[in-house]
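Each chain is listed here by its residues.
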Amino acid sequence: MSHLSERPERPVVGVSMPHESANLHVTGAALYTDDLVHRTKDVLHAYPVQVMKAHGRITALRTGPALAVPGVVRVLTGADVPGVNDAGMKHDEPLFPDEVMFHGHAVAWVLGETLEAARLGAAAVEVELEELPSVITLQDAIAADSFHGARPMMVTGDVDAGFGDSAHVFTGEFHFSDQEHFYLETHAALALVDESGQVFVQSSTQHPSETQEIVAHVLGLHSHEVTVQCLRMGGGFGGKEMQPHGFAAVAALGATLTGRPVRLRLNRTQDLTMSGKRHGFHATWKIGFDAEGRIQALDATLTADGGWSLDLSEPVVARALCHIDNTYWIPHARVVGRIARTNKVSNTAFRGFGGPQGMLVIEDILGRCAPLLGLDPMELRERNFYRQGQGQTTPYGQPVTHPERISILWNQVRDDAGIADRRRDIAAFNAAHPHTKRALAVTGIKFGISFNLTAFNQGGALVLIYKDGSVLINHGGTEMGQGLHTKMLQVAATTLGIPLHKVRLAPTRTDKVPNTSATAASSGADLNGAAVKNACEQLLGRLLQVAGTQLGANASDVRIVEGVARVLGSDKEVAWDDLVRTAYFQRVQLSAAGFYRTEGLHWDVKSFKGSPFKYFSYGVAATEVEVDGFTGAYRIRRVDIVHDVGDSLSPMIDIGQVEGGFVQGAGWLTLEDLRWDTGDGPNRGRLLTQAASTYKLPSFSEMPEEFNVRLMENATEEGAVYGSKAVGEPPLMLAFSVREALRQAAAAFGPAGVSVELASPATPEAVYWAVEAARGSGTRGDDRARGDSGIPTDTSTLSNA
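The rules behind each value
- Residues numbered from 1 in each chain as written.
- Predicted model: local features only at pLDDT ≥ 70, side-chain atom pairs only at ≥ 80, totals over all residues.
- Heavy atoms only, no water.
- Helix = DSSP H or I, 4+ residues; strand = E, 2+ residues; numbered from the N terminus.
- Rg over C-alpha atoms; globule rule 2.2 N^0.38 Å.
- Buried < 20%, exposed > 50% of the residue type's maximum accessible area, 1.4 Å probe, protein only.
- Contact = heavy atoms within 4.5 Å.
- 1 Å grid on protein atoms, 1.4 Å probe; cavity = no way out; pocket = protein on both sides within 12 Å on 5 of 7 lines; lining within 4 Å.
- Points joined across faces, edges and corners; volume = space filled by probe spheres on them.
- Nonpolar A, V, L, I, M, F, W, Y, C, P; charged D, E, K, R; others polar.
- Phe/Tyr/Trp six-rings, centres within 6.5 Å; stacked < 30°, edge-to-face > 60°.
- Lys NZ or Arg CZ within 6 Å of the ring centre and 35° of its normal.
- Pairing = 2+ DSSP bridges.
- Axes fitted to C-alpha atoms, helices over the stretch in contact; angles between N-to-C directions.
- Salt bridge = Lys/Arg side-chain N within 4 Å of Asp/Glu carboxyl O.

Asker: Explain the overall build of the chain here, please?
Answerer: Each helix and strand counted, the chain has 19 helices and 30 strands in total. Relative to its length of 801 residues, the chain is compact, with a C-alpha radius of gyration of 28 Å against a globular reference of 28 Å. Across the 801 residues in the chain, those meeting the buried criterion constitute 61%. Within the chain, residue pairs in contact and separated by at least 24 positions form 81% of the contacts whose partners lie at least 6 positions apart.

Asker: Would you explain empty space enclosed by the protein in this entry?
Answerer: The gaps left among the atoms become clear once a water-sized probe is rolled over them. In total, this model carries 4 cavities of 30 Å³ or more according to the counting rule given. By volume, the largest cavity is sized at about 350 Å³. Along its surface, the largest cavity is lined by 20 residues, and Ala 87, Glu 93, Phe 247, Met 274 and Trp 308 are the ones closest to its centre. Of all the elements in the fold, those that place two or more residues in the lining of the largest cavity are strand S5 (105-112) and helix H7 (244-258). A breakdown of the residues in the lining of the largest cavity according to their chemical character gives 13 nonpolar, 5 polar and 2 charged. Its volume calculated, the second largest cavity comes out at about 90 Å³. Asp 526, Leu 527, Tyr 596, Thr 598 and Lys 614 are the residues nearest the centre of the second largest cavity, which is lined by 14 residues in total.

Asker: In this structure, what is going on with the layout of surface pockets? I would like to understand it.
Answerer: Approximately 700 Å³ is the volume attributed to the second largest pocket. Along its surface, the second largest pocket is lined by 27 residues, and Glu 314, Pro 315, Asn 452, Leu 453 and Phe 456 are the ones closest to its centre. Ranked by the residues each element gives to the lining of the second largest pocket, the list is headed by helix H9 (residues 313-322), at 4 residues. Looking at side-chain class alone, the lining of the second largest pocket contains 17 nonpolar, 3 polar and 7 charged residues.

Asker: Explanation requested: the packing of aromatic side chains in the structure shown.
Answerer: Each aromatic ring pair is summarised here by two numbers: the centre-to-centre distance and the angle between the ring planes. Applying the stated rule across the entire model yields 17 aromatic pairs. Seen in terms of ring centroids, Phe 176 and Trp 668 are 6.4 Å apart; in terms of plane orientation they differ by 70°. Their pairing is edge-to-face. Placement of the pair is Phe 176 in strand S8 (residues 168-176) and Trp 668 in helix H17 (residues 651-670), with a sequence separation of 492 residues. Here the two residues Phe 176 and Trp 668 agree in accessibility, since each one is buried. A centroid spacing of 6.0 Å and a plane angle of 80° characterise the contact between Tyr 396 and Phe 613, whose relative ring orientation is edge-to-face. Placement of Tyr 396 in the loop between helix H11 (377-383) and helix H12 (404-416) and of Phe 613 in the loop between strand S26 (609-611) and strand S27 (615-628) is noted, with a sequence separation of 217 residues between them. Like Tyr 396, the residue Phe 613 is buried in the burial classification. Across from the ring centre of Phe 350, 4.3 Å away, lies the NZ or CZ of Arg 278, which sits over that ring. In this structure, Lys 437 is placed above the aromatic ring of Phe 749, and the distance from its NZ or CZ to the ring centre is 5.9 Å.

Asker: Please clarify how the sheet that holds strand S22 (residues 564-567) should be interpreted in this entry.
Answerer: Hydrogen bonds between backbone atoms are what pair the strands of a sheet, whose relative direction is either parallel or antiparallel. The strand order across the open sheet built from 3 strands is S21-S22-S23, with neighbouring strands paired in antiparallel fashion. Two strands in the sheet have a free side with no partner beyond their single neighbour: strand S21 (558-561) and strand S23 (573-575). Here the strands of the sheet are splayed against their neighbours by 20° on average, with no regard to which way each runs. Relative to S22, S21 is paired through 4 bridges, and the arrangement is antiparallel. The residue of S22 that forms the bridge with Ile 560 is Ala 565. Against the sheet, helix H15 (residues 524-551) touches S21, S22 and S23, its axis set at about 115° to S21. Against the sheet, helix H16 (residues 576-585) touches S21, S22 and S23, its axis set at about 85° to S23.

Asker: Explain the pattern of salt bridges to me, please; I cannot follow it from the model alone.
Answerer: In this structure the tally under the stated criterion is 53 salt bridges. Between Arg 739 and Asp 364 there is a salt bridge, with the nearest N and O atoms lying 3.0 Å from each other. One end of the pair, Arg 739, is in helix H18 (residues 736-747); the other, Asp 364, is in helix H10 (residues 355-372), and 375 residues separate them in sequence. With a shortest N-O distance of 2.8 Å, Glu 757 and Arg 368 are connected by a salt bridge. Taken together, the residues Glu 757 in the loop between H18 and helix H19 (764-775) and Arg 368 in helix H10 connect sequence positions 389 residues apart. The pair Glu 757 / Arg 368 is uniform in exposure class, with both members buried. Put simply, Glu 363, Asp 364, Arg 368, Arg 381, Arg 739, Glu 740, Arg 743 and Glu 757 are held in one network by salt bridges that share partners.

Asker: What's the story with the sheet that holds strand S20 (residues 508-509) in this structure? I'm lost.
Answerer: Pairing is mixed across the open sheet formed by 8 strands, whose spatial order is S3-S5-S1-S12-S9-S10-S11-S20. The sheet terminates laterally at strand S3 (72-76) and S20, the two strands that pair on one side only. Summarising the sheet, strand S9 (residues 188-193) and strand S10 (residues 199-203) pair through 5 bridges and their orientation is antiparallel. Each residue of the ladder has a partner; that of Val 193, found in S10, is Val 199. Along the sheet, helix H3 (residues 115-124) makes contact with strand S1 (44-51), S3, S5 and strand S12 (262-265), crossing S1 at roughly 25°.

Put into structure tokens, the structure is as follows:
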């Protein structure tokens, strides 16, 4: 076992414990960015001037009326920017635009003594606009050839030969929806400038270093003149990876120009209408199977709705292509990706980062094709799993490590959930209930862990030991409720061999650990944990030398366990606090900077080949649903999950992440239905689902009635920190089992072998139309199809070619 994976005697990692801030969260004592306003004097409040048109060129911007509003201090416009007027890394997102690109685009910001004064001032700003044609829907963008960014192509094998060898060939089309992050804490920033001109920004950001970089280039400063701190976030899910930068820059610009602290916090409606979401996708595909139902070839085009600017759309599409295989070996494949440009908010990272979209395509294909092949969906999936010892690689050329875990997890869920007996019970129930049907579906996941861009796979840490033996750790990761800080405390305590209460964690900030990557791609614990471990090992090495001298032994024979240094095979010992004090008086350095870079990664973006992932995370879920044939309403009766997190760093945290990820995925696939005004009236391009009253989120009523989650045992991941695996994103895709169960339940209303196409999100309305289509199917393999509304259309086809 590698040094990075090996665990010492009596480790603190692997112990179930609550989130380090759990008590603060539940008592309301936890401080978030906007709470800091009340601890800051003379704060000004920023409010956006939004233009409620989808597209247009600004011909006049009059700020004078706003300045006449009592309490308004200043109006920020593009003319005030001393550096670069851009909030993005692609330089295609003007902070103060002269062209409105989506409904609700902010073109100026008003600073007021109170939030109400700023709001009234923003309402008084006069904007004249020359309206321009707008593209709202993904389908319209495709028809108009409205695209931007890269168009990657992933090719493996000989696709034409693969189809030539196929006994069955099907073609189809699939449109599925975007998703709103709906973190509880909206975007927020608080900026101030000290007497030396140093800019300090408190930001609710997943990527403090990039927030620092954007703030610096907007202000025309160097990065060392800007410090960004993230105390914690009230949720992020990827929505705070790129999107916070512009808001932090506005606050910093205001503070620089006025000399006073500036607070910017979006209300819920502003956050929904101004910030990007998960990319909705459109897919066209052709797939070939042999006579036994094994995939021979796949030809697909995936189109993402990027919105008005690129943001992270290019890597999102790349990851979608890299995950279209999911758990299945596809010997011949050609998959093209492209990004549609629409007059909507710029879509961005969201938990899974394109992986869910790619995986959903293949799962939808198999769910639709299984009946046409005369196979049970579970059997079709199982026949196509990656297998150990077959020399199989992904379509982009990476060998699949531990593919046997797919089958192991599959069989564990089959046994744990009693699949065979329950399916017999479901068949009996369905036979006795003509207007209510149940179904049970099982799906698996294979998700690659690491950033596709190799340079991002690095992490840093700074660990300080004080004379009294207490330890303070700083690392580059941010805490958004996922328990990263809890794991880092456990890693530090384990490496140093001391009790957890000896270790404290400082807020994430750019003047302690520089040039950090975003807390994203499920890599937070891998990168920062290894960096923390590295820093602690440097300190441990120094302290063991001191202990060896004190105890009259070689340093290599000393172990520190539970805060006591002991010589192997001897009763000689020295307490941690005494050891640290002795080290101080011997002038031994008690601080260390740690670093980690993920080894073994390589990626050629042009050929779309390489090994971009350190390892794959696996999981399997079984979901049973019940559907009402009159309304399409449904309930999730039971969920059984076994998930692979390697050797868990913190089991309670990881199980919580599996549960939360699954529910969020179920929301995306079944409930969360973003709607935009696509008419030609004055509100064209307006987001219609602007609040929780119109945008349905999963709640207690959508939780499974029985929810069983367990972690895979004996799953050490070689070459990862203490043998653990990432857990943030992969569980979201376990929710595919919910959608597939709904498909099978809808099919149960029709004749045996009917192929059901189901919209995504599979809302009760969409399920109702799927039920109606199944009832109307007189023959097996009915090829009528539905678009994203679930209503039969002529634009989506599933045919046996």
